[in-house]
Amino acid sequence: RFRFGREFARSGRGWGLARCPQPLARGGLARVQCQLQPLARALGTRTPHEILGVQPGENAQRVREAYLRAALRHHPDRNPGSAQAADKFREVARAFETLSAETSIAREPEFEFATAAAASTPTSQQAGKRGESGGLSDAEAQAQFVALFADSVAMSRELEAKEGAQPTQPLQFRREQLVSATDGSPAVRTTTTTAHSERHEITVRNLSLADDANLAQLIARCSTRGFDVTGGGEYLRDWADLLLKSQVRSLSLHSDELIAAPGFAQLCAGLPSSLQELRVSGLALSSGAKAAGNSVTELLLPLCNRIADPSSSLQVLQLDHSELGADESAVQALGHSLFCSPLLSLLELRHSSLGDAGVKSLFGAFLNSTKKPFEAGAVGGSSEAARCFSALNLHDNEIGDEGASALGLALGSGRLAINELTLRGNLIGSVGASSLADGLIQSENALAALTELSLASNQIGDVGASALSLALANPGCALSKLDLENNSISDAGVASLSSAIANDICTLADLNLASNAIGDVGGCALGHALKFSKQLRELTLSSNRLGDEGGAALAEGITAKSELHWLHLGSNSLGSIAGASLGAALSRTGKLAWLVLSNNQLADEGARALAQGLLENSSLSVLLLANNGIGETGAQHLANAIAHGALKLSDLDLGSNALGDGCALSLVEGLLARQAPLNSLWLKSNGMGHVAAGALARLLRSEGAGLQKLNLGGNPLGDAGASQLAEALGIAALSTLKLNACAISDRGANSLASTLRLNSCTLSSLSLNGNRIGDSGAAALGAALRTNSNLEHLSLENNLLDDQGAAELARGLQDNDSLRTLILNGNCIGDAGALALGHALGTNGGLARLELRFNGLSDAAKLTLRDMWADSGRNLHSMQLWL
């Protein structure tokens, strides 16, 4: 049998793709069941491959995708009263059944959709009223939490009822409810619940409607999908019981607002012993619970008990965007459970406002307990066991020096060890960094365990950098990655770090010092260290104050024995002298693969010197030279190096220079002469016209060119240039073409559209923003969409399209299932054009993102379009509609 159905209740009639008689519904899930007929009568003279439009021998994934597209197009609910569509729908189903049997491909997982009302009770009422304090009332908070899991009850039962279901076969519910945002404005809450035998995931998203004047239609629609809390407690208990008996390994609850969840304790009490991952985002108490004196501790206590249980299998815990930091007792209880946990190895507490007090409470057990951590978490060879975490992420928690010092003391106690520690986006200064370093040095276990440390976006200065360098120079240090981006480190701090890097025992392989205050003195120190470093492979110094002296010193440090693979020097003040030194370095190193020099001042002389080194280099694969004042002379030298050297370059960025048509010709000649194909070429804003476009078209047509991505935005190519490029697209293997702000009108768009109609065109992304394309060009592109099956992204932002142009694109969308993104911001589209696009969604099965911002849409049209988007089976948040 085939099962294909999506049902959403909407004012007594089916909402979405399928409307089924009530007898077919079971457990709140509506289905359309098609009985198979003899294949001879069904298929006639056409083969299953022809019916689905796939080639013999096509892989299983492509067969499934082709089936879904065809089934969506011919589904009876999308073609009411059409006997021909019904016959084709049955024909498509049988064809897929045949190919499934022949190739033994795995069946497509069933995603079945229903409303919360269908999953629980048939009534529809608004649950609870907003409390006087502006937060959720207790009744509404309880209803909200219960609603999140009501669908999972039906899904869990459905999974149990399915005989022979695959272990990874998922079920999914989607529900929309009209709610009030924090400021009291109306909003739509969309809940998506996914479940299979190993994973349950619930995602909640809110869409504010404060800007819409007319809400009547949306209110009417959402009111039929509201959740009635009658019997809600029973459902929560049922769900907890089912969860406890299940073998689920991963459970996730995500929300873009703080979820007031009194039932969270019940959830944690029902966690099965098989659970290995628990991820919760947006957990907080309701206003009523706070007024009653309830605490986050009460909410988390069952979870803490589960973590500390010797039989627990929990290895990953994520509590992001929570109110954990508001309750010191809750943090202390969590810290104690971490100390006693047998297996927990990854802890993420991002955006939870822990502060210094929270960190002290979290790691207090490691300092004050007279017992040892759970032996199962022990590492190292010391006599006292250390609790080891594979990763601890405390990103953005307002942690200052006191909190960092507390963490340093815990590390120094010998009872705590961490492999990857993330403290990004806090308030840690040099004192806190020094305390962390001291703690690492005091404990052999902690020093040996730590391999990655992120202190980016803090307030660390030279003193802190010097303290960290002492840890790096310690014989027991195993640190391989250190991120100090966006701090206040200057030359003195870099000098200390450089001394550690030059030490033979230093294990550091990746150092990020971007966006600090490093000048030439610091560059010279690092250059000297590079001569002796045996481990450093990636060095990032972008957005500092390096000039020619510092750049030249760094280049001199790259010797023939250097292990450096990545060097990022973008957004400094490097000139031709640094360029000459880097060119010399390229000629003697065989390891450097990435060189980023964008936004400097190399000019032609620096480019010439670089090109000289490239002639003798065979390791560089990515070279970024955007915005360096390079003109025709420099470009010709680079083209010569590309043509005659042993370079294996795959990505080249020469955007925002002054190349012009002449340089483009030289560059193309060089690319045609080289053996290894270039993957990506960026030439935006270089004053190139149709002559350059013609040369690049010749490159695209050449055998073995292999170019995948081409960016020519900001060049005055005009319609002539667009036409020349279009002629080559039918032959080229190009996947991405950016022609933004290239003075292209309808004529150029027509040329591009003609090529898009060809089956040989492989283009998957086309950007035509900021041109002069009107309705005629839109009509041509719309016609191309009817036959094109490769294009996935089309952007026509800031052009001259009005309602007629939007309608032409809509006609193309009706027969297209490949396009995923359509961007039409900043045009002249009104209500009629937007609604034409909305009607096209009914038969289009592929579009996942539509942008119509900065047009002339009324609030009523926006509301209607949202309704059409949802009625087509699309979710307002899992897929994106920008108005």
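Residues numbered from 1 in each chain as written. Predicted model: local features only at pLDDT ≥ 70, side-chain atom pairs only at ≥ 80, totals over all residues. Heavy atoms only, no water.

**Quick look at the pairing of strand β15 (residues 416-422)**
- Of the pairings in the sheet, the one linking strand β14 (residues 387-393) to β15 comprises 6 bridges and is parallel in character. Paired with A391 across the strands is E420, a residue of β15.
- Where the polypeptide runs from β14 across helix α15 (residues 401-412) and back to β15, its parallel neighbour, the crossover connection is right-handed.
- One ladder, built from 3 bridges, connects β15 with strand β16 (residues 452-454); its direction is parallel. By the bridge assignment, L421 is partnered in β16 with L453. (Pairing = 2+ DSSP bridges. Helix = DSSP H or I, 4+ residues; strand = E, 2+ residues; numbered from the N terminus. Right-handed = clockwise from strand over helix to strand, strands pointing away.)

**Some remarks on the confidence of the model for the chain**
- For the chain, the average pLDDT comes to 77, and 70% of its residues sit at 70 or higher.
- Counting interchain partners and residues more than four positions distant, the pLDDT-below-50 stretch residues 163-169 has 11 contacts.
- In the predicted structure, residues 375-384 sits below a pLDDT of 50 and forms 21 contacts with residues beyond four places in sequence or in another chain. (pLDDT = per-residue confidence, 0-100. Contact = heavy atoms within 4.5 Å.)

**Notes on the packing of aromatic side chains**
- Enumeration according to the criterion identifies 3 aromatic pairs in this entry.
- Summarising the aromatic geometry, the rings of F339 and F366 are spaced 5.2 Å apart at their centres and angled 85° between planes, so their arrangement reads as edge-to-face. Here F339, found in helix α12 (residues 328-340), pairs with F366, found in helix α14 (residues 364-368); they are 27 residues apart in sequence, far enough to count as distant.
- Relative to F366, the ring of F363 has its centre 6.1 Å away and its plane inclined at 50°; by these criteria the two rings are tilted. (Phe/Tyr/Trp six-rings, centres within 6.5 Å; stacked < 30°, edge-to-face > 60°.)

**What about the side chain of S454?**
- Considering the arrangement of structural elements, one finds S454 in strand β16.
- Here S454 falls in the buried class, since its relative accessible area comes to 11%.
- Apart from residues no more than four positions distant in its own chain, S454 is found in contact with L421, T422, L423, R424 and D483. (Buried < 20%, exposed > 50% of the residue type's maximum accessible area, 1.4 Å probe, protein only.)

**Focus on the pattern of salt bridges**
- Taken as a whole and judged by the stated rule, the model has 13 salt bridges.
- Linking E605 and R608 is a salt bridge whose minimum nitrogen-to-oxygen distance equals 2.7 Å. Of this pair, E605 and R608 both sit in helix α23 (residues 603-614), 3 residues apart, roughly one helical turn.
- Assessed through its relative accessible area of 32%, R608 is described here as partly exposed.
- A single network of salt bridges, built from pairs that share partners, joins D320, E348 and R350. (Salt bridge = Lys/Arg side-chain N within 4 Å of Asp/Glu carboxyl O.)

**Quick notes on α23**
- Look at α23: 17 Å from first C-alpha to last across 12 residues, which is about the 16 Å you get at 1.5 Å a residue.
- Among the residues of α23, those classed as buried are G606, A607, A609, L610, A611, G613 and L614. (Expected span 1.5 Å × (residues − 1).)

**Topic: the nonpolar core**
- In terms of nonpolar packing, the biggest core is built from 184 residues, with F363, L513, L681 and L739 touching the most fellow members.
- Considering every element that reaches this core, the biggest residue donor is helix α26 (residues 690-701), with 7 residues.
- Ignoring sequence-local partners within four residues, the contact set of L513 consists of L484, I489, V494, L497, I518, L526, T540, L541 and N544.
- With 13 residues, the next largest nonpolar core counts I51, V63, F96 and L99 among its residues. (Core = buried A, V, L, I, M, F, W, Y, C linked by side-chain atoms within 4.5 Å.)

**Focus: the environment of E808**
- Position of E808 relative to the elements: it lies in helix α30 (residues 803-814).
- Judged by relative accessible area, which is 18%, E808 ranks as buried.
- C-alpha of E808 to C-alpha of A836: the two residues are 28 residues apart in sequence and 8.8 Å apart in space.
- Once residues lying within four places of it in the same chain are set aside, the contact partners of E808 are A778, A779 and G782.

**Re the pairing of strand β12 (residues 316-320)**
- Across the 5 residues of β12, 5 count as buried, placing the element largely inside the fold.
- Both faces of β12 are covered, namely the face carrying V316, Q318 and D320 and the face carrying L317 and L319.
- Pairing analysis gives 5 bridges linking strand β10 (residues 277-281) to β12, with the strands arranged parallel. Directly across from L278, in β12, lies its bridge partner L317.
- Here β12 pairs with strand β13 (residues 346-348) via 3 bridges, running parallel. Across the sheet, the residue bridging to Q318 is E348, located in β13.
- Between the parallel elements β12 and β13, the chain passes through α12 in a crossover that is right-handed.

**Structural notes on unusual backbone geometry**
- Phi at S353 is positive, roughly 55°, even though this residue is not glycine.
- Along the chain, the position of S353 falls in the loop between β13 and α13 (355-362).
- Assessed through its relative accessible area of 42%, S353 is described here as partly exposed.
- Although it is not a glycine, S571 sits at a positive phi angle of roughly 55°.
- Of note, S571 is situated in the loop between β20 (566-568) and α22 (576-588).
- Overall, S571 belongs to the partly exposed group, its relative accessible area being 30%.

**Re the packing of α12 against α13**
- Between α12 and α13, whose axes approach to 7 Å, the crossing angle comes to 35°. Considering how the two elements wind past one another, α12 and α13 form a crossing that is right-handed. Residues E328, V331, Q332, L334, G335 and L338 of α12 touch α13, and the partners they reach there are G358, S361 and L362.
- A breakdown of the residues in the contact of α12 with α13 according to their chemical character gives 4 nonpolar, 4 polar and 1 charged. (Axes fitted to C-alpha atoms, helices over the stretch in contact; angles between N-to-C directions. Left-handed = near helix turned anticlockwise from the far one by under 90°. Nonpolar A, V, L, I, M, F, W, Y, C, P; charged D, E, K, R; others polar.)

**A short note on the packing of helix α20 (residues 520-530) against helix α21 (residues 548-557)**
- Contact geometry of α20 with α21 gives a least axis separation of 7 Å together with a crossing angle of 5°. In terms of axis orientation, α20 runs roughly parallel to α21. Contacts between α20 and α21 pair D520, G523, C524, L526, G527 and L530 from the former with D548, E549, G550, A553, L554 and G557 from the latter.
- Of the residues contributing to the contact of α20 with α21, the split by class is 5 nonpolar, 4 polar and 3 charged. (Parallel < 35°, antiparallel > 145°, perpendicular 65-115°, else oblique.)

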